[in-house]
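# Understanding the architecture of this molecule
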Amino acid sequence: MMIVVMEKNASIQNISSVLQIVEECGFTPHVSKGEERTVIGVMGDERGLITEKVQTLKGVEKVIPTSKPYKLVSREWKQENTVINVRGVAIGGSTLTLIAGPCSVENEEQILEIAATVKEAGCHILRGGAFKPRTSPYSFQGLGEQGLELLALAREKTGLPVITEVVNPNQVELVAQYADILQIGARNSQNFALLQEVGKINKPVMLKRGMMSNLEEYLMCAEYIMANGNYDVILCERGIRTFETYTRNTMDISAIPLIKQLSHLPVFADPSHATGKRSLVPPVAKAAVAAGADGLMIEVHHHPENALSDGAQAILPNELYKLVRDIRALSDAIRR
Ligand code: PEP
Ligand code: MN
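Each value, and the rule that gives it
- Residues numbered from 1 in each chain as written.
- Chains lettered and ligands numbered in written order.
- Predicted model: local features only at pLDDT ≥ 70, side-chain atom pairs only at ≥ 80, totals over all residues.
- Heavy atoms only, no water.
- Helix = DSSP H or I, 4+ residues; strand = E, 2+ residues; numbered from the N terminus.
- Rg over C-alpha atoms; globule rule 2.2 N^0.38 Å.
- Buried < 20%, exposed > 50% of the residue type's maximum accessible area, 1.4 Å probe, protein only.
- Contact = heavy atoms within 4.5 Å.
- Areas by Shrake-Rupley, 256 points an atom, 1.4 Å probe, with all protein chains shown as cover.
- Lys, Arg positive; Asp, Glu negative; His and termini not counted.
- Charge placed at Lys NZ, Arg CZ, Asp CG, Glu CD.
- Phe/Tyr/Trp six-rings, centres within 6.5 Å; stacked < 30°, edge-to-face > 60°.
- Near = heavy atom within 4 Å.
- Polar contact = N/O pair within 3.5 Å; in protein donor to acceptor, adjacent residues only side chain to side chain.
- Nonpolar A, V, L, I, M, F, W, Y, C, P; charged D, E, K, R; others polar.
- Pairing = 2+ DSSP bridges.
- Donors = N, O, S within 2.8 Å, 3.2 Å for Na, K, Ca; no water.
- Domains from an automatic or database assignment.
- Axes fitted to C-alpha atoms, helices over the stretch in contact; angles between N-to-C directions.
- Parallel < 35°, antiparallel > 145°, perpendicular 65-115°, else oblique.
- Left-handed = near helix turned anticlockwise from the far one by under 90°.
- Salt bridge = Lys/Arg side-chain N within 4 Å of Asp/Glu carboxyl O.

### Here's the deal with the overall build of the protein chain
When its secondary structure is counted, the protein chain shows eleven helices and 14 strands. A compact globule built from 336 residues would reach a C-alpha radius of gyration of about 20 Å, and the protein chain, at 21 Å, matches this within 12%. Once the C-alpha set of the protein chain is aligned to its principal axes, its extents read approximately 65 × 40 × 40 Å. In the protein chain, which comprises 336 residues, the proportion classed as buried is 54%. Sequence separation of at least 24 residues holds for 69% of the intrachain contacts in the protein chain that already meet a minimum separation of 6. Of the roughly 14800 Å² that the protein chain leaves accessible, carbon and sulfur atoms contribute 50%. Positive and negative side-chain charges in the protein chain, numbering 35 and 38 respectively, have mean positions lying 3 Å apart.

### Some details on the packing of aromatic side chains
Enumeration over the complete set of coordinates arrives at one aromatic pair. When the ring of Phe192 is compared with that of Tyr224, the centres are 4.4 Å apart and the planes differ by 25°; the resulting orientation is stacked. With Phe192 in helix α6 (residues 192-198) and Tyr224 in helix α7 (residues 215-227), the pair connects residues that are 32 residues apart, well separated along the chain. A residue is classified by how much of its surface remains accessible, and Phe192, at 33% relative accessible area, is partly exposed. By relative accessible area, Tyr224 is classed as partly exposed at 31%.

### A few points about the site of ligand 1
For ligand 1, the full set of nearby residues is Arg127, Lys132, Glu165, Gln183, Gly185, Ala186, Arg187, Lys208, Arg238, His273 and Glu299. Side-chain polar atom of Arg238 to an oxygen atom of ligand 1: 2.7 Å apart, as the coordinates give it. Here His273 contributes a side-chain N or O atom positioned 3.5 Å from an oxygen atom of ligand 1. Bound to the protein, ligand 1 loses 97% of the 290 Å² it would expose on its own. Taken together, the residues that form the shell around ligand 1 break down as one nonpolar, three polar and seven charged.

### Digging into the pairing of strand β1 (residues 2-6)
The side chains of a regular strand alternate, residue by residue, between the two faces of the sheet. By the criterion of burial, β1 is predominantly enclosed, with five of the five residues buried. Along β1, one buried face is formed by Met2, Val4 and Met6 and the opposite face, lined by Ile3 and Val5, is buried too. Bridge count for β1 against strand β4 (residues 60-65) is five bridges, and the pairing is antiparallel. Pairing of Val4 across the sheet is with Val63, part of β4. Sheet analysis places β1 next to strand β3 (residues 38-43), joined by four bridges and oriented antiparallel. Paired with Met2 across the bridge in β3 is Val42.

### Considerations on the coordination of the manganese ion (ligand 2)
The protein atoms that coordinate the manganese ion (ligand 2) are Cys103 (SG), His273 (NE2), Glu299 (OE) and Asp310 (OD), at distances spanning 2.0 to 2.3 Å. Each donor residue of the manganese ion (ligand 2) belongs to the same chain, and together they define the spacing C-x169-H-x25-E-x10-D. Taken as a pair, His273 in helix α9 (residues 271-275) and Asp310 in the loop between β14 (295-299) and α11 (317-335) lie far apart in primary sequence, 37 residues in all. A residue is classified by how much of its surface remains accessible, and His273, at 8% relative accessible area, is buried.

### Quick look at the domain arrangement of the protein chain
Examined at the domain level, the protein chain breaks down into domain 1 (2-65) and domain 2 (84-333). Between the C-alpha centres of domain 1 and domain 2 there is a distance of 36 Å.

### Describing the packing of helix α3 (residues 108-120) against helix α4 (residues 145-158)
The contact between α3 and α4 brings their axes to 9 Å, and the two run at 40°. As summarised for this structure, α3 and α4 are arranged oblique, according to the angle between their axes. Note on packing geometry: the crossing formed by α3 with α4 is right-handed. Facing Glu108, Ile111, Leu112, Ala115, Ala116 and Lys119 of α3, the residues of α4 in contact are Leu150, Leu151, Leu153, Ala154, Lys157 and Thr158. Class assignment of the residues belonging to the contact of α3 with α4 gives a composition of eight nonpolar, one polar and three charged.

### Section: the pattern of salt bridges
When charged atoms on two side chains of opposite charge get close, those side chains can pair. Per the stated rule, a full pass over the model turns up 15 salt bridges. A salt bridge links Lys71 to Glu223, with the shortest nitrogen-to-oxygen separation between them at 4.0 Å. With Lys71 in the loop between β4 and β5 (84-86) and Glu223 in helix α7, this pair connects stretches of sequence that are 152 residues apart. For Lys71, a relative accessible area of 8% translates into the label buried. Salt-bridge contacts for Arg209 lead to Glu237; the nearest nitrogen and oxygen are separated by 2.7 Å. In this pair, Arg209 is assigned in the loop between β11 (205-208) and α7 and Glu237 in strand β12 (residues 233-237), connecting sequence segments 28 residues apart. Across this residue pair, the class does not change: Arg209 and Glu237 are buried. If you follow the salt bridges from partner to partner, you end up with Arg87, Arg155 and Asp180 in one network.

If you want it as structure tokens, here you go:
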């Protein structure tokens, strides 16, 4: 397998002669047309001959051999960190981006109250689920489109961009009409039809790590999105299944620096779903930042005892204020 990176000004003819050679040699080309340039993934085992042939073609900037199954996601393909801009908020690179909000949008008063707190605390993006992937069909499933409207209202009032989950390939377009970032949840991390759909839109996607995905499987999920043309992918470690039962999941801290070695994509951490316990959210959030996370996603609620989902892991407003202060100090200390 190899990656053919075309020059910025490569012509359609340049591209088709690469495709022709690749096909003649019996390989399958995967064309990905980015905003700036076209990249062609070449699937197959034998490298030597075809690499030489392609390298000399007009319009080819470089040919990168890779043994990894993910290509567009890899640092081999793109060395610089990907930085995504969402309504003026930078994600990735040298900034630390904080996302906070309730697990679910419950009603207008609740989301507006929390949104004001999230803004006041100095966080950058508001989260809130409208379509909830619940373990039980009897649990609150989210407000649906009404929840999206309330998120848009909260954005209007606070200026905060909003992120919300999409669970159904048929609803990608609808969610994209309201959300600034679309979230793919852990349970849908390997829902390839959904990944393909969000790969076709031009809004950033946050892809949570599946609770049973190893890192290679996880990065392949991101590859699905990028292979469909959407390069604005944000990764998020949110804990994986282990034998431990005292926490909801087990935060895989080492995944954060490891993914950053393997990939150019921004890596977030979600200490709320990773631990499932309010008291563990601040320390694990700090650990994730210390490990190099580009941002955090944190659940917060004014009345967690009445929350319609994930109350046990929601921190209180005053805890959010303190956590943001601590994180600022920590990130200054480690990032200089
Ligand atoms: C969420 O962020 O609301 C959520 C359901 O998270 P996860 O998919 O990581 O469980
Ligand atoms: Mn939740």
